[in-house]
Amino acid sequence: INQNNIRNFCIIAHIDHGKSTLADRLLEFTGTISEREMEEQLLDTMDLERERGITIKAQAVRMAYQAKDGNEYTLNLIDTPGHVDFSYEVSRSLAACEGALLVIDAAQGVEAQTLANIYIALENDLEIIPVINKIDLPSANPDRVKEELIDIGLDPDDAILTSAKEGIGIEDLLERVVKQVPPPSGDKDKPLKALIFDSLYDPYRGVICYYRVIDGKIKKGMKVKMMATKKVFEVDEVGTFSPKMKPSKEISAGEVGYMAASIKNVKNAQVGDTITDAENPTDKPLSGYQPAKPMVFCGMYPVDGKDYDVLRDALEKLQLNDASLTFEPETSEALGFGYRCGFLGLLHMEIMQERLEREYRLDLITTAPSVIYNVYKTNGEVLQIENPANMPDAQQIDKIEEPVVEAKILLPDEHVGAAMELCQGKRGQFKNMEYLDEVRVRLTYDIPLSEIVLDFFDKLKSRTRGYATFDYEFNGYQEADLVKLNILVNEEPVDALSCIVHRDFAYEVGKELTKKLKEFIPQQMFKVPIQAAIGHKIVARQTISARRKDVLQKCYGGDVSRKKKLLKKQKEGKKRMKQVGSVEIPQDAFMAVLEIG
Ligand code: GTP
């Protein structure tokens, strides 16, 4: 293919602004797939993605487009994930492109993620084409969105108006891609240099890498080297996406393709790494590589101890496809044998948990999420603690550092007070407040990551009536006065319930947590005290009174559906109970700390 007739672009958008629907229309219009074949939102292939309505994994598709100038163009569309947890993958997908369609909902306007995406697009020198979508909506206000474009440094006259739903503006958009997105500029005679922007595990062929060739070419039989991991593989197959994988002879500079090379684990072909020719390597890898690194950790324990091996196998399988998932065996006095697992963020954690439960039929008890603390001991030792249960005794600790993120919150000014109050309550340090226009404000705070992972986003949403959006970025470690809060159930410490909190809040958290636990832990045949303690000092106490009657008795004579409901609830509850000492503790209790504050 003539490089001048290639256009590589992506679609970036705030969640729900219509990225996937627009991609579908482009595929239809270019005849890449017929309307009949068109499954709704083809690019989001995973079931979970479809259910949650978000794109988790980046995908790519190649389209042929006959432009009005008489030439046929090859358009490579790279889809990008839509959530902050996956922002690194977004950045690599963008680095594989020359242009970006910035989709903005005509009714919602510019949102936090829209802005974040613009920054990454600009960093990658992408040509940005603003697309104002959903113009069919009665509440659409394209003129207001155009004004917002000026505020964020884009030319409103550049904007294309579309309705992905009704197929309006699609041809204009393709014409603009051809005219405005520059063709790739690599050299196919130089040594191979290709950027991996996604990789996934296929049980039959091993890892499939999705890449953009910058220089040189890649073909079957060639020995390639991953520059970060230094691993060498022989290429079994290369090809393009149409949208299914279609083998081809070679993929050369400027093109987007896939490669199978009997790679056994995605860790060996990580997003952001550079593929080169093992025999004639390029001298420098592409910049911007970051090994995947989990930020949030939790313990996962099978409800039934017999499932421990199933859980390990399942985690191993999931890890083949997910370089950022980590796990190591862990034992808890309360929960028995399980794994401490690391995730990019809470969404990532929830997705994995759901997949384990659904695809592997596991019943799991998950402990509250935690971050990694740097613990400096008085004897000079430095520990990285990701499980509160492993925190050394206070006397042995010199100081503790916690990870901090820079959070950017975008919201209408009437909600600024509520958001600031929340941030302050979460130990946030105010950094900046900017008006983007008369009503839209961007707040910047430094907030400890541990406070963010504990439900920050939901709280922000509810306090701002859903108007705020936010984004965060790791911003280093900071010393903090933290203590471990132990929880005792029936006089026994339950390690899996312990948490690390700021000293100033320890008393309050202890009080709230014991109260919540009292709600969650069902009555037993005997009285159960629940206590919170710092070291040996009890800071809060609640008591669950002994059970008197069978729950079902309450329903006799009552209406049947209610009884059924209760039984069903009990059954569900039962699955997720864990006998700890003489007390049964349900899953909810282990997450109780999420509901505080
Ligand atoms: P993520 O994958 O979560 O980032 O979302 P997305 O940006 O891909 O949005 P998606 O295409 O899933 O669309 C979100 C919702 O908006 C869906 O319910 C679509 O049917 C709807 N939608 C998309 N485009 C249009 C449009 O032009 N008009 C109207 N009325 N609705 C649209």
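About the thresholds
- Here, residues in each chain are numbered from 1, in the same order as that chain's written sequence.
- In keeping with the model being predicted, local features are shown solely for residues with a pLDDT of at least 70 and side-chain atom pairs are shown and tallied solely at 80 or more, while totals for entire chains, interfaces and linings include all residues.
- For the side-chain quantities, the full set of heavy atoms in the structure was used; hydrogens and water were omitted.
- Think of it this way: any DSSP run of H or I at least four residues long counts as a helix, any run of E at least two long counts as a strand, and we number them from the N terminus.
- The criterion used for residue contact is that any of the two residues' heavy atoms lie within 4.5 Å.
- The term polar contact refers here to a pair of N or O atoms within 3.5 Å; inside protein, the definition further demands a hydrogen-donor-capable atom paired with an acceptor-capable atom, and it admits residues adjacent in sequence only when both atoms are side-chain atoms.
- UniProt positions are given in the numbering used here, feature names are shortened, and annotations may be inferred rather than shown by experiment.
- A simple rule labels every residue: compare its accessible area, found with a 1.4 Å probe on the protein chains alone, to the largest value its type can have, and call it buried under 20%, exposed over 50%, or partly exposed in between.
- The axes used here are C-alpha line fits, helices contributing only the stretch in contact, and every angle between their N-to-C directions lies in the interval 0 to 180 degrees.
- Any angle between 65 and 115 degrees counts as roughly perpendicular, while under 35 counts as roughly parallel, over 145 as roughly antiparallel, and the rest as oblique.
- Note on convention: the crossing is left-handed when the near helix lies turned anticlockwise from the far helix by less than a right angle, right-handed when the turn is clockwise.
- We call Asp, Glu, Lys and Arg charged. Ala, Val, Leu, Ile, Met, Phe, Trp, Tyr, Cys and Pro are nonpolar, and the rest, Gly among them, are polar.

Chemist: What exactly am I supposed to notice about the environment of asparagine 76 here?
Modeler: Of note, asparagine 76 is situated in strand 3 (residues 72–79). Spatially, the C-alpha atoms of asparagine 76 and serine 242 are 9.7 Å apart, while their sequence positions differ by 166 residues. Filtering out sequence-adjacent residues up to four positions away, asparagine 76 remains in contact with Ile6, Arg7, Asn8, Phe9, Val61, Arg62, Glu255 and Val256. A polar contact of 2.8 Å, which involves the side chain of asparagine 76, links it to the side chain of asparagine 8.

Chemist: How do you make sense of the UniProt feature "binding site: GTP" (unreviewed entry) in the protein chain when you look at a structure like this?
Modeler: On the UniProt side, "binding site: GTP" (unreviewed entry) is annotated at positions that read Asp16, His17, Gly18, Lys19, Ser20, Thr21, Asn133, Lys134, Ile135 and Asp136 here. Examined against the element boundaries, histidine 17 turns out to sit in the loop between strand 1 (6–13) and helix 1 (19–29). Using a relative accessible area of 2% as the deciding quantity, one classes histidine 17 as buried. With near-sequence residues (within four places) excluded, histidine 17 lies in contact with Val103, Ile104, Asp105, Gln108, Gly109, Glu111, Thr114, Asn133 and Lys134. Relative to the helices and strands, lysine 134 is located in the loop between strand 5 (127–133) and helix 5 (142–151). Lysine 134 sits in the partly exposed class, given a relative accessible area of 23%. In this structure lysine 134 touches Asp16, His17, Gly18, Asp105, Ala106, Ala140, Thr162 and Ser163, once residues within four positions along its chain are discounted. A polar contact of 2.7 Å, which involves the side chain of lysine 134, links it to the backbone oxygen of aspartate 16.

Chemist: What am I meant to see in the environment of leucine 335 here?
Modeler: Note that leucine 335 resides in the loop between strand 18 (326–332) and strand 19 (336–343). Take leucine 335: its relative accessible area is 3%, and that puts it in the buried class. C-alpha of leucine 335 to C-alpha of lysine 267: the two residues are 68 residues apart in sequence and 30 Å apart in space. Setting aside anything within four residues of it in sequence, one finds leucine 335 in contact with Tyr301, Ile365, Thr367, Ala496, Lys578 and Phe590.

Chemist: Looking at this structure, how should I read the packing of helix 7 (residues 308–320) against helix 8 (residues 346–359)?
Modeler: Between two packed helices, the angle of one axis relative to the other and the distance separating the axes together describe the packing. The interhelical angle for the contact between helix 7 and helix 8, taken along N-to-C directions, is 125 degrees, at an axis separation of 11 Å. Relative to helix 8, the element helix 7 is oriented oblique. Viewed along their axes, helix 7 and helix 8 form a crossing whose handedness is right-handed. The residues of helix 8 that touch helix 7, namely those facing Leu311, Ala314, Leu315 and Leu318, are Met352, Arg355 and Leu356. Here the residues of the contact of helix 7 with helix 8 sort into six nonpolar, no polar and one charged.

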